[in-house]
Amino acid sequence: MPLRHLDKLFHPQSVAVVGASGRHGSLGGLVLRNLLKGGFVGPVMPVNPRRQSVAGILTYPDVASLPVVPDLAIVCTPAAEVPGVVESMASRGVPVAVVVSAGLAPEERSRIVDLARRGGMRLLGGESLGVLVPAARLNASCSHLPARPGRIAFVSQSTTLCTAVLDWARAHGIGFSHFVSLGESDDLDYGDMLDYLGSDPETRAILLHIEAIRDPRSFMSAARAAARNKPVLVLKAGRYEGGVPSESDAIFDAAVRRAGMLRVSDLGELFAAVQTLARFRPLPGERLAIVSNGKGFAAMAVDDLLAAGGRLAELEEPTRAALDALVPGGAGTGNPVDIGGDAPPERYRKVLDVLGRAPGIDAVLVLHAPAPVASSLEAAEAVVEAAKGAWAEIFTSWIGEEDVAPARRRLEEAGIPTYPLPSRALGAFMHLVNYRRNQDLLMQTPLSAPEEFAPDAESARQMIRSAQARGERLVKGPEALALLATYGFEGREELTEGAHELVLAMHCDRLFGPAILFGQGGGGVDLVKDRSYGLPPLNMSLAREVIERTHVSRMLEGDRDRAAVAMDRLCLALVQLSQMIVDHPEIAAVEIDPLRADQSGVTVARARVHLTAGGGAPVRLAIQPYPRELEETFPLPSGREAVLRPIRPEDEPEHHVFLSQLTAEDIRFRFFGSVRGLPHSQMARLTQIDYDREMAFIATAPKPDGKGRETLGVVRTATDPDNERGEFAIVIRSDLKGQGLGRKLLDKMIRYCRDRGTRRLVGQILADNGRMLDLAQAMGFRLEPLPGEEVIEAVLDL
């Protein structure tokens, strides 16, 4: 359904209130008063068959009687009347409606969604509090409080939590760009909101309170797209089931990390985290140095940091030597750096001059407790001065109340984050660290899997079908080892001396589908609960991240008594299982326990594979995997055989080489300007695509020296969430033109977009790019000059 209708939801030119009332305490009366009191400048049209006017405004007996079709309708009628109202609005062509009415039965909710979709109308709700867009003077809600204007968008399903947040935010001076109550989320849901708000220039950050997700794949696609543009923070309850940590919640955590979002535990932390992300510069790393005028608070800070998964910076020898000359008694040679309770302001400045520019340090936390012989304000002034020349991020905790209040004000005036307690400061720092880690999952260049990993998918498929034909839902023993062997697993029952016993499994979550589990295995696994999860498809880098989130990963690094395990082989084991799940949706669960790992490799001792019933519904992945079925070959006139396939994250290094081989003219034709080179973050966006909503086909061929493959050309399309319009771009390596490769790539993209139901393919071409204009025209595109620009728009209706 059209996402463009959300413009009408958030910026309507006219509003109808169906069920408007003058009765005090009624929903229709509250919504109407909020619209008028909020200062909405467009027509407000009350609909009430029993009143001639409401709040001094002429009413209309029904939707059909309205003088114009409203951009937005708000439904406040009794539940029994809602289906009829929705049907009349859809027939009239109303683009979007908010259903405030409560008490609809499940079958009624399903019916109104069907009625709306037939008429191309979007619904928010039912049982929605409504929407508030303060900058547009829109309060289309039944909230008892208005919202302040701001740059934060808040989206929640809970009406009670929405009212509580509005109350809390007003008391704390927090404003919103958009405030959205999804209610029952029968139609519009989190994915729609993320798609709209992720590209909204007035929204700096998106805050989500989640109770349930209807469409996990849509949610993940929208979340990953939005999180590339701005911070997305998530608050969700349900961490425990029956008093123990919930597996579903741990998988939800994995989904949040994979999408580049940040999860928080309560409302206070939610708003604190968004303020932290706004106040701090992006961290280049996460190595923290701590400076303190006392050992007690420094020791507690270290405990808090390590407990939260943070990392103390290791001071290099030149840094330690410089500090040793500044701090009495050798206290400056370690981290934390104790500068002494009587430290004068100059000592603060000189120590921060060293740490703020030292290699291996990304941020410095300065702790200060009031001392009888030192001025807290003068110490703050010294920090302000030192921060001006620091490379590292400087943040502070001036501990206390009245005595340190002037110092805190001075730090805040200078733009240096300051907190009343070290734990609060470290909580803010860990928000930055965790956000950075999750963003890295979006932007990293994955390690390539070994070339020898070549799964025998057909043999595995035959084994699975044979078991299902026999009515077997569980494959175990030698048969399970044989099935895993088709994906490169080595089975061995005998125990190697010194091998670590681990567990590797796939559990199917009721919401996000298959999730890969890794952790400590053997007899103690149920006691230790040392596990982490990752959503397939996994590559080598994502697999390593899953492993490194467990405690047992530290043991796998080796010590005096045990050699380090072959980590690449262990990561490959997770990739092997992930690929097996992707290729065979008939696999419902897998348990490999123990998986044994040592310095020589990885072996499977015991395994169980659970299958769906023959003909049963396949397991659906939350993230669209690499579409291997779209690969094809294309012979070049030179005799080389090119492979045309979707781009993969692993293609980033070769993509840098490809762009470096383009001529200046081809660069201008592709990027409409001069580009010397693309940074990693931008190149990651080009190679790490969401196959659900964008596509890039590359042509690759073996390098002339036989060492690997090279990229010859690429065509890409970004499609809007409604699948109405796909914008394409194409570039062929400058020395390979005239071999039919451009035509072949563009034809492949046209066929792909047509198959997925995209309605129109559009590309912008510089007017002097004659070769590309000829190709587009030859392939059926209309060429339409853009007024006032030296650009031609090529349009193909599919």
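Here the structure is shown first, and the text comes after it.
Model, not experiment: these values are computed from the prediction.

Our focus in this paragraph is the environment of Pro-284. Topologically, Pro-284 is positioned in the loop between helix 9 (267-279) and strand 17 (287-292). You can call Pro-284 exposed: its relative accessible area is 59%. Residue contacts for Pro-284: discarding those within four places in its chain leaves Asp-362 and Arg-436.

Under the definition given, this model contains 49 salt bridges. Here Arg-349 makes a salt bridge to Asp-353, at a shortest N to O gap of 2.8 Å. Taken together, the positions of Arg-349 and Asp-353, both in helix 12 (residues 345-355) and four residues apart, correspond to about one turn of that helix. Taking the relative accessible area as the measure of exposure, Arg-349 reaches 25% and is therefore partly exposed. By relative accessible area, Asp-353 is classed as partly exposed at 23%. Note that Arg-461 and Glu-458 form a salt bridge whose closest N and O atoms lie 3.1 Å from each other. Of the two residues, Arg-461 and Glu-458 both sit in helix 16 (residues 457-469), three residues apart, roughly one turn of that helix.

For the structure on display, the rule yields 13 aromatic pairs. Note on Phe-395 and Phe-429: the rings are 5.7 Å apart at their centroids and 10 degrees apart in plane angle, and the pair reads as stacked. With Phe-395 in strand 21 (residues 393-398) and Phe-429 in helix 15 (residues 422-443), the pair connects residues that are 34 residues apart, well separated along the chain. Look at Phe-429 and you get buried, because its relative accessible area is 1%. Taken together, a centroid distance of 5.3 Å and an interplanar angle of 45 degrees make the contact between Phe-728 and Phe-781 tilted. In this pair, Phe-728 is assigned in strand 34 (residues 725-732) and Phe-781 in the loop between helix 26 (770-778) and strand 36 (782-785), connecting sequence segments 53 residues apart.

Okay, the nonpolar core next. Counting residues in hydrophobic clusters, the biggest one holds 107 residues, and the most contacted among them are Leu-9 and Phe-176. Counting residues per element, this core draws most heavily on helix 15, which supplies nine residues. Beyond its immediate chain neighbours, meaning those up to four positions away, Phe-176 contacts Pro-134, Ala-147, Arg-148, Pro-149, Gly-150, Arg-151, Ile-152, Phe-154, Val-165, Leu-166, Ala-169 and Phe-271.

Now for unusual backbone geometry. Put simply, Pro-536 and Pro-537 share a cis peptide bond, and its omega is 5 degrees. Following the sequence through the fold, Pro-537 ends up in the loop between strand 26 (531-534) and helix 19 (540-548). For the bond from Asp-593 to Pro-594, the omega torsion is 5 degrees, close enough to zero to count as cis. Along the polypeptide, Pro-594 turns up in strand 27 (residues 587-598). One non-glycine residue, Arg-137, lies in the positive phi region at around 55 degrees. Residue position: Arg-137 is located in the loop between strand 8 (130-133) and strand 9 (138-141). A relative accessible area of 46% places Arg-137 in the partly exposed class. Of note, Ser-185 is a non-glycine position whose phi angle comes to about 55 degrees, a positive value. Residue position: Ser-185 is located in the loop between strand 11 (176-181) and helix 6 (190-198).

Reading the values: the criteria
- Residues numbered from 1 in each chain as written.
- Predicted model: local features only at pLDDT ≥ 70, side-chain atom pairs only at ≥ 80, totals over all residues.
- Heavy atoms only, no water.
- Helix = DSSP H or I, 4+ residues; strand = E, 2+ residues; numbered from the N terminus.
- Buried < 20%, exposed > 50% of the residue type's maximum accessible area, 1.4 Å probe, protein only.
- Contact = heavy atoms within 4.5 Å.
- Salt bridge = Lys/Arg side-chain N within 4 Å of Asp/Glu carboxyl O.
- Phe/Tyr/Trp six-rings, centres within 6.5 Å; stacked < 30°, edge-to-face > 60°.
- Core = buried A, V, L, I, M, F, W, Y, C linked by side-chain atoms within 4.5 Å.

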